[in-house]
Amino acid sequence: MNLLDSINKEKLPSHLAIIMDGNGRWAKQKGLLRALGHENGTKSVKITVETCAKLGVKNLTLFAFSTENWNRPKHEVDTLMRLLISSLKKEFESLQKNNIKLNCIGNIDLLPLKTKNELLEVIDKTQFNDRMTLTIALSYGSREELLNAVKKISYKVKNNIISIDDIDESIINQHLYTHNLPDVDLLIRTSGEHRISNFLLWQIAYAELYFTEVLWPDFKEEDLYEAIISYQKRERRFGKTSEQIK
């Protein structure tokens, strides 16, 4: 039996998030420039997006560029921005053909204007697609997201738009970048690192975490299947006992 046959299509994660890690190490191991690691990483993005759509995953979020990544060498940041533009242009038809909606979370005002405009154009043209929502986390940091939410809610309380007693989880969710997405069910991180790296800290409160040694450019369909199979074998209790779940 192949791995695909072992997946229960009725128990797929509604929201799958991935920290795509290991592009630089992949390139270094092969004696290549880091830029080639990022370039090969885009192939894994394409495979993962199309596989998730084929399986029936409704929401896929990919951590592409963090707020901290702006501190990387300029030439590497410039390469990542160029890759983003070329990938958006190259994959636009595929997004349309597969009925995939593109979404973005993060402080995109920090992106180069050309990159931002290309991104917004694809988001606009795919807004009515409903097979799957592909969210790219760009210039994203979860602490910044939470800080912004606190400021927005505080402003509304100060100006009597809402009462302090109105503040609950729902109100907080409404003020996050991910207000239109469900909580994360499964978080995958590649490359063997066991960190969350400031990614979706609020949204992964009850997510199942899956860490793999596979470097992102080597991440293929079988690796995704293994992660989902692991997820489906776990008992998700959300604070309850096993007996209550049963």
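Right above here is the structure, for reference.
Residue positions are counted from 1 within each chain, in the order its sequence is given. It should be noted that, the model being predicted, local features are given only for residues of pLDDT at least 70 and side-chain atom pairs only at 80 or more, the latter also being counted only at that level, while totals for whole chains, interfaces and linings use all residues. Working from all heavy atoms in the structure, the side-chain values ignore hydrogens and water.

A few points about the packing of helix α2 (residues 34-55) against helix α7 (residues 221-233)
Link 1 in the chain: All axes here are fitted lines through C-alpha atoms, helices being fitted over the stretch that makes contact, and every angle between N-to-C directions spans 0 to 180 degrees. Runs of H or I in DSSP of at least four residues are treated as helices and runs of E of at least two as strands, each being numbered from the N terminus. Contact geometry for α2 and α7: axes closest at 10 Å, N-to-C directions at 50°. If you check the angle between α2 and α7, you find them oblique. Once α2 is placed against α7, the crossing between them reads as right-handed. For the pair formed by α2 and α7, the contact residues are Ile47, Thr48, Thr51, Cys52, Lys54 and Leu55 on the first element and Glu221, Leu224, Tyr225 and Ile228 on the second.
Link 2 in the chain: Of the residues in the contact of α2 with α7, the class split is six nonpolar, two polar and two charged. Roughly parallel here means an angle under 35 degrees, roughly antiparallel means over 145, roughly perpendicular means 65 to 115, and every remaining angle is called oblique. In this scheme, a crossing is called left-handed if the near helix is turned counterclockwise away from the far one by less than a right angle; it is called right-handed if the turn is clockwise. It only takes one pair of heavy atoms within 4.5 Å for two residues to be counted as in contact. Three categories are distinguished: nonpolar for Ala, Val, Leu, Ile, Met, Phe, Trp, Tyr, Cys and Pro, charged for Asp, Glu, Lys and Arg, and polar for the others, with Gly belonging to the last.

Notes on a nonpolar patch on the surface
Link 1 in the chain: Each patch is built from salt-bridge-free residues with over 30% relative accessible area, joining like charges within 9 Å and nonpolar side chains (Val, Leu, Ile, Met, Phe, Trp, Tyr) within 5 Å. Note on areas: Shrake-Rupley, 1.4 Å probe, and residue coverage restricted to the protein chains presented here. For salt bridges, the criterion is a side-chain nitrogen of Lys or Arg within 4 Å of an Asp or Glu carboxyl oxygen. Where nonpolar side chains cluster on the molecular surface, the patch consists of Leu32, Leu33 and Leu36 and spans about 270 Å² of accessible area.
Link 2 in the chain: Counting through the fold element by element, leucine 32 comes out in the loop between α1 (23-29) and α2.
Link 3 in the chain: Only protein chains enter the accessibility calculation, which uses a 1.4 Å probe; a residue whose area is less than 20% of its type maximum is buried, one above 50% is exposed, and one in between is partly exposed. By relative accessible area, leucine 32 is classed as partly exposed at 36%.

Notes on the pairing of strand β6 (residues 208-211)
Two faces make up the sheet, and in a regular strand the side chains alternate between them.
Link 1 in the chain: Along β6, the buried face is formed by Glu208 and Tyr210; none of Leu209 and Phe211, which line the opposite face, is buried.
Link 2 in the chain: A pair of strands counts as paired when DSSP detects no fewer than two bridges linking them. For strand β5 (residues 186-189) and β6, the ladder comprises four bridges, and the chain directions are parallel. Within β6, the position partnered with leucine 187 by the bridge is leucine 209.

Observations regarding the nonpolar core
Link 1 in the chain: To define a nonpolar core, start from buried Ala, Val, Leu, Ile, Met, Phe, Trp, Tyr and Cys residues and group those joined through side-chain atoms within 4.5 Å. With 42 residues, the main nonpolar core has Leu16, Leu60, Leu134 and Ile188 as its most contacted residues.
Link 2 in the chain: For this core, the element with the highest residue contribution is helix α3 (residues 74-97), accounting for seven residues.
Link 3 in the chain: When residues no more than four places from it in sequence are discounted, the contact partners of leucine 16 are Cys52, Val57, Asn59, Leu60, Thr61, Leu186, Ile188 and Leu224.
Link 4 in the chain: In this structure, Ala17, Ile105, Leu200 and Ile204 belong to the second largest nonpolar core, which totals 12 residues.

Describing the sheet that holds strand β1 (residues 15-19)
Strand-to-strand pairing in sheets goes through backbone hydrogen bonds, with the strands running parallel or antiparallel.
Link 1 in the chain: Strand order across the open sheet formed by six strands is β3-β4-β2-β1-β5-β6, with parallel pairing between neighbours. Both edges of this open sheet fall to β3 (100-105) and β6, since each of them pairs with a single strand only. Neighbouring strand axes in the sheet, compared pairwise and without regard to direction, differ in orientation by 20° on average.
Link 2 in the chain: One ladder, built from six bridges, connects β3 with strand β4 (residues 132-140); its direction is parallel. The residue bridging isoleucine 100 from the neighbouring strand is methionine 132, located in β4.
Link 3 in the chain: Strands β1, β5 and β6 of the sheet are contacted by α7, whose axis makes an angle of about 140° with β5.

Let's talk about the pattern of salt bridges
Link 1 in the chain: Counted under the stated rule, the structure contains 15 salt bridges.
Link 2 in the chain: The residue arginine 25 makes a salt bridge to aspartate 21 at a minimum N-O spacing of 3.0 Å.
Link 3 in the chain: Judged by relative accessible area, which is 16%, aspartate 21 ranks as buried.
Link 4 in the chain: A salt bridge links lysine 125 to glutamate 121; the nearest nitrogen and oxygen atoms lie 2.8 Å apart. Of the two residues, lysine 125 and glutamate 121 are both situated in helix α4 (residues 113-125); the distance of four residues between them amounts to about one turn of the helix.

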